[in-house]
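# An overview of the molecular structure
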Amino acid sequence: MALQIYPSLTNFICNPFNHIHRLRISCPKTFISNSAPKLSSLTQLHNAPNSNDKDALALSILSSKRRLSLSILSLVLNGFLPNSIFAQELELERYTDAEGFTLLKPSSYVKVDKAGATVLFEEANKGSNSVGVVVNPVRLTSLGEFGSPEFVADKLMQAERRKESTKDAEVVGVAERSGQGGLQVYEIEYKVDSTRGGMKRIFSAAFVASKKLYLLNIAHSDKPESPLDNHTRTMLEKVLHSFDAEPMT
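Procedures and definitions
Residues numbered from 1 in each chain as written. Predicted model: local features only at pLDDT ≥ 70, side-chain atom pairs only at ≥ 80, totals over all residues. Heavy atoms only, no water. Core = buried A, V, L, I, M, F, W, Y, C linked by side-chain atoms within 4.5 Å. Buried < 20%, exposed > 50% of the residue type's maximum accessible area, 1.4 Å probe, protein only. Helix = DSSP H or I, 4+ residues; strand = E, 2+ residues; numbered from the N terminus. Contact = heavy atoms within 4.5 Å. Expected span 1.5 Å × (residues − 1). Polar contact = N/O pair within 3.5 Å; in protein donor to acceptor, adjacent residues only side chain to side chain. 1 Å grid on protein atoms, 1.4 Å probe; cavity = no way out; pocket = protein on both sides within 12 Å on 5 of 7 lines; lining within 4 Å. Points joined across faces, edges and corners; volume = space filled by probe spheres on them. Nonpolar A, V, L, I, M, F, W, Y, C, P; charged D, E, K, R; others polar. Salt bridge = Lys/Arg side-chain N within 4 Å of Asp/Glu carboxyl O. Pairing = 2+ DSSP bridges.

For the protein chain, the name recorded in an unreviewed UniProt entry is PsbP domain-containing protein 2 chloroplastic, with Tripterygium wilfordii as its organism.

This is the structure we're talking about:
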């Protein structure tokens, strides 16, 4: 299922013209400073000379604890503490292919062989979550010769909706960025509901270099009962933005 979108976009672009070194990326680790006094609350209260001092000290301790709780809440709301006080690490590694492209991939994904794919990585025991690349020859020198990012996204959605297995497909976002040497890179994010795998979030990127079309496809389950979480999304977006032509040496 994951690689079935490749012929869709590849055919639209190709047919009109006939046709690890390791990088560790971590979310910021935010540590809570210990703003409370070093002595325990009970010890400080016991050693306070009089009742007024005890009351003042008690208020100070409660205020410190309240500030600490608010700090933790603020971090949670900002996405830094999803499951614990320390943010979970997202580990990616660099992959460079002999076909002339490079990208980051989740280090836990394993390489598998699949017909039609130049390279494909899948999450262990969850093959529907994948990162794959297809490379095909074209007569284009840039994607701009074929059309705008919006035009390509529209053609891609038309192809998706024509599939018998597709129940619905919707574009979420389209963007263009510059790659190696000013390369035009199109990025498309969309949702697809299929009889093969249910709801999925797809991140695609494409560029043309040396008269070859390079197409990245990132697929991840995004079902209502288990939606794509923010940390996984961040990781997949890093993979998307890392896709580029191999630097010239």
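## What about the nonpolar core?
Counting residues in hydrophobic clusters, the biggest one holds 27 residues, and the most contacted among them are Phe101, Leu103, Phe207, Leu216, Ile218 and Phe243. Counting residues per element, the ones that place at least two in this core are β1 (92–96), β2 (101–106), β4 (119–123), β5 (126–137), β8 (198–209), β9 (212–221) and α5 (230–242). For Ile218, the contacting residues outside a window of four places in its chain are Ser130, Val131, Arg201, Ile202, Phe203, Leu236, Val239 and Leu240. Counting residues in each nonpolar core, the second largest holds 19 residues, with Phe146, Ile188, Ile202 and Ala206 among its members.

## Here we look at α5
Taking 1.5 Å of rise per residue, 13 residues should cover 18 Å, and α5 covers 18 Å from first to last C-alpha, within 8% of that figure. Among all positions of α5, only His231, Thr232, Met235, Leu236, Val239, Leu240 and Ser242 are buried. Where α5 starts, the residue carrying a side-chain oxygen 3.1 Å from the main-chain nitrogen of His231 turns out to be Asp229.

## Considerations on the side chain of Glu189
Along the polypeptide, Glu189 turns up in strand β7 (residues 184–194). With a relative accessible area of 11%, Glu189 lands in the buried category. Only 2.7 Å separates the side chain of Glu189 from the side chain of Arg201, close enough to count as a polar contact.

## What to know about the layout of surface pockets
Roughly 270 Å³ of volume is contained in the largest pocket. Around the largest pocket, the lining comprises 14 residues; the ones closest to its centre are Glu123, Lys126, Asn129, His220 and Thr232. Those elements that place two or more of their residues in the lining of the largest pocket are β5, β9 and α5. Among the elements that take part in the lining of the largest pocket, β5 stands out by supplying three residues, more than any other. Lining the second largest pocket are Glu99, Gly100, Gln180, Leu183, Ala209, Ser210, Lys212, Tyr214, Ala245, Glu246 and Met248. Class assignment of the residues belonging to the lining of the second largest pocket gives a composition of five nonpolar, three polar and three charged.

## Regarding the pattern of salt bridges
Considering all chains together, one arrives at 10 salt bridges under this definition. Between Glu189 and Arg233 there is a salt bridge, with its nearest N and O atoms 2.9 Å apart. Note that Glu189 is positioned in strand β7 and Arg233 in helix α5, a separation of 44 residues in sequence. In the salt-bridge network here, residues are joined through shared partners; they are Glu189, Arg201, Asp222, Arg233 and Glu237.

## Thoughts on the sheet that holds strand β10 (residues 244–245)
Spatially, the three strands line up as an open sheet ordered β1-β2-β10, and their pairing is antiparallel. Whereas interior strands pair on both sides, the edge strands pair on one side only; in this sheet they are β1 and β10. Pairing of β2 with β10 involves two bridges; the strand directions are antiparallel. Each bridged residue has a counterpart across the sheet, and for Thr102 the counterpart in β10 is Asp244.

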